[in-house]
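Survey of secondary and tertiary structure
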Amino acid sequence: MARVSKIMLTDVPTLKKEAKIEKAAKLLAQIQVGCVVIVENKDPVGIVTELDLVRFAVSKGKSLKEPLTSIMSSPLTLMTPDMKLDEALKIIDTKKFRKYPVVENGALVGLATKKDVVNAISDNMRFHRNIQNIVLILFVLFELFVFVIGRYIPQYLAFWA
Amino acid sequence: MIKIRSIMTKDVITIQPGSTIKEAAQLISAKSVSGLVVVENSKPIAIVSENDIIKGVTSNKKTVRDVMSREFMIISPSAKFFEINRRLREGKIKRFPVVENDRLIGLITETDIIQATRDFTRFHQIVQEAILAIFGFATAFFLFYFSPIRALVFG
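Residues numbered from 1 in each chain as written. Chains lettered and ligands numbered in written order. Predicted model: local features only at pLDDT ≥ 70, side-chain atom pairs only at ≥ 80, totals over all residues.

Examining the overall build of chain A
Put simply, the test is: Secondary structure elements follow DSSP: runs of H or I no shorter than four residues count as helices, runs of E no shorter than two count as strands, and numbering proceeds from the N terminus. Only C-alpha atoms enter the radius of gyration; for comparison, a globular chain is expected to reach 2.2 Å times N to the power 0.38, where N is the number of residues. Whether two residues are in contact is decided by their C-beta atoms, placed from the backbone, lying within 7 Å.
Summing up its helical and strand segments, chain A has six helices and five strands in all. The order of helices and strands in chain A, counted from the N terminus, is α-β-α-β-β-α-α-β-β-α-α. Against the 2.2 N^0.38 benchmark of 15 Å for 161 residues, chain A shows a C-alpha radius of gyration of 27 Å, more extended than a compact globule. With respect to the principal axes defined by its C-alpha atoms, chain A has extents near 100 × 35 × 25 Å. Counting only contacts in chain A whose residues sit at least 6 apart along the sequence, the fraction spanning at least 24 positions is 61%.

Now the structure itself:
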């Protein structure tokens, strides 16, 4: 089974803890990732998704000059690069989030999305299923072959008897 | 085979192209969806996503018409799941309004496709394990049949 490090996104959009909401909005408008991780000296402290910003746009009495920390989601659910994909899937099934920062020795190294994990497992399964089925078919053919040989061929081959 | 009808979101949130971005943002945050279908004369003409709203807010646009995008593909309920999954994985199209008899009956989003793939994977794991179990028993029988134990037991 592959590990999280193989499927994670490595250029994660990050912003410093002191940044304003305006900066996050401008960044998210340009990129396709859909979220920005808030870091404090490479250490992830929170995440701001597009939905958080849309909620902010609706809420009254808040300005774009406010710090990002007021709308970010925290604490984070983290993954590690050497985590296996089915462990990652277990976390995804229980937490119901879509994006998970990947952390190694306290520093942010990537971003794992539900989409990438599910697709990787699905592809992996399809590949293994095909191999397994081929092996099974070969095995059954072998069994049939031995069965036939064991049953009928010896009487034709038993010329020494 | 996964049926489009069974995985689509049935109550699609729609909006008019003349509505304001604020109304769209309110709908998105109230219903917790990732996007709205823009309809005109009950026909889907565009999509407004969270990203479009943010773009609109940062560039001071006013109406949905200014920010909506046309990156969507209308499909019928008989469309193939794997076809849609392939399109989703290769390109920019993330939303697929489902139209039957000129009427919008549902919406397939990235989330629906991922969840269906996840559930389908689980189903396939079970099927595969059942197949393995059956072949395991067959092999056990085969070995028993040709082993001396059979002669010991049945004479």
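Considering the sheet that holds strand β3 (residues 43-49) of chain B
Sheet strands pair via backbone hydrogen bonds, and the direction of the pair is either parallel or antiparallel. Residues and elements named next belong to chain B. Worth spelling out the cut-off: Paired strands, as defined in this entry, are two strands with at least two bridges between them according to DSSP.
With respect to topology, three strands assemble into an open sheet ordered β1-β2-β3, the strand pairing being mixed. Two strands lie at the open edges of the sheet, namely β1 (14-15) and β3, each paired on one side alone. Where strand β2 (residues 35-40) meets β3, six bridges bridge the pair, whose relative direction is antiparallel. Within the sheet, the bridge partner assigned to E40 lies in β3 and is K43.

So, the interface of chain A and chain B
Definition in use: Residue polarity follows a fixed list, in which Ala, Val, Leu, Ile, Met, Phe, Trp, Tyr, Cys and Pro are nonpolar, Asp, Glu, Lys and Arg are charged, and the others, Gly among them, are polar.
Across the boundary between the two partners, chain A contributes 23 residues, which contact 23 residues of chain B. Looking at the side of chain A that touches chain B, the elements that each hand over two or more residues are α2 (21-30), α3 (50-58) and α5 (114-151) of chain A. The element best represented in the side of chain A that touches chain B is α5 of chain A, accounting for twelve residues. Tallied by class, the residues present in the side of chain A that touches chain B amount to twelve nonpolar, four polar and seven charged.

Considerations on the nonpolar core
Stated precisely, the cut-off is as follows: For this entry, the nonpolar core is defined as buried Ala, Val, Leu, Ile, Met, Phe, Trp, Tyr and Cys residues connected by C-beta atoms within 7 Å. Buried residues are those with 20 or more other C-beta atoms within 10 Å of their own C-beta, exposed residues have 12 or fewer, and partly exposed residues lie in between; C-beta atoms are placed from the backbone.
V48, L53 and A112 of chain A together with V48 and I53 of chain B are the most contacted members of the largest nonpolar core, which has 60 residues in total. Sequence-distant contacts of L53 of chain A, that is, excluding residues within four places in its chain, are made with A24, A25, L28 and V48 of chain A together with I54 of chain B.

Remarks on the sheet that holds strand β3 (residues 43-49) of chain A
All names here are of chain A. Rules: Here, axes are lines fitted to C-alpha atoms. For helices the fit covers the stretch in contact, and angles between N-to-C directions go from 0 to 180 degrees.
Ordered in space as β1-β2-β3, the three strands form an open sheet in which the pairing is mixed. The open sheet terminates on both sides in strands that have one partner only, identified here as β1 (14-16) and β3. On average, each strand axis in the sheet is inclined to that of its neighbour by 35°, with strand direction left out of account. With three bridges connecting them, β1 and strand β2 (residues 35-40) associate as parallel partners. When the sheet's bridge partners are listed, T14 is paired in β2 with V37. Each of β2 and β3 is contacted by α3, which is oriented at about 60° to β3, the strand it contacts most.

Digging into the environment of P67 of chain A
Residues and elements named next belong to chain A. Within the secondary structure, P67 is located in the loop between α3 and α4 (85-95). Owing to 13 C-beta atoms within 10 Å, P67 belongs among the partly exposed residues under this scheme. Apart from the residues within four sequence positions on either side, P67 is in contact with E18 and K20.

What about the environment of S5 of chain A?
Residues and elements named next belong to chain A. With respect to the helices and strands, S5 occurs in helix α1 (residues 4-7). Take S5: there are 17 C-beta atoms within 10 Å of it, and that puts it in the partly exposed class. For the pair S5 and D82, spaced 77 residues apart in the sequence, the C-alpha separation amounts to 6.3 Å. Residues contacting S5, with those up to four places away along its chain left out, are P81 and D82.

Describing the confidence of the model for chain B
All names here are of chain B. The condition that has to hold: Values of pLDDT, the confidence the predictor places in each residue, fall between 0 and 100.
With 99% of its residues at a pLDDT of at least 70, chain B reaches an overall mean of 87. Mean pLDDT per element in chain B: helix α7 (residues 148-154) is the minimum at 79, and β1 is the maximum at 92. For this predicted complex, the interface confidence reaches an ipTM of 0.77, while the overall pTM sits at 0.80.

Some remarks on the domain arrangement of chain A
Selection rule: An automatic or database domain assignment is the source of the domain bounds shown.
Domain annotation of chain A identifies domain 1 (4-115) and domain 2 (119-157). Using only C-alpha atoms to locate each centre, domain 1 of chain A and domain 2 of chain A end up separated by 47 Å.

With respect to the packing of α3 of chain A against helix α2 (residues 21-31) of chain B
To be explicit about the condition: Any angle between 65 and 115 degrees counts as roughly perpendicular, while under 35 counts as roughly parallel, over 145 as roughly antiparallel, and the rest as oblique. If you view the pair so one helix is near and one far, a crossing is left-handed when the near helix is turned anticlockwise from the far one by less than a right angle, and right-handed when it is turned clockwise.
At a closest axis distance of 9 Å, the pairing of α3 of chain A and α2 of chain B adopts a crossing angle of 125°. What the angle tells us is that α3 of chain A and α2 of chain B run oblique. Crossing of α3 of chain A over α2 of chain B shows left-handed handedness. Touching V54, R55, A57 and V58 of chain A of α3 of chain A are A25, Q26, I28 and S29 of chain B, all from α2 of chain B. Tallied by class, the residues present in the contact of α3 of chain A with α2 of chain B amount to five nonpolar, two polar and one charged.

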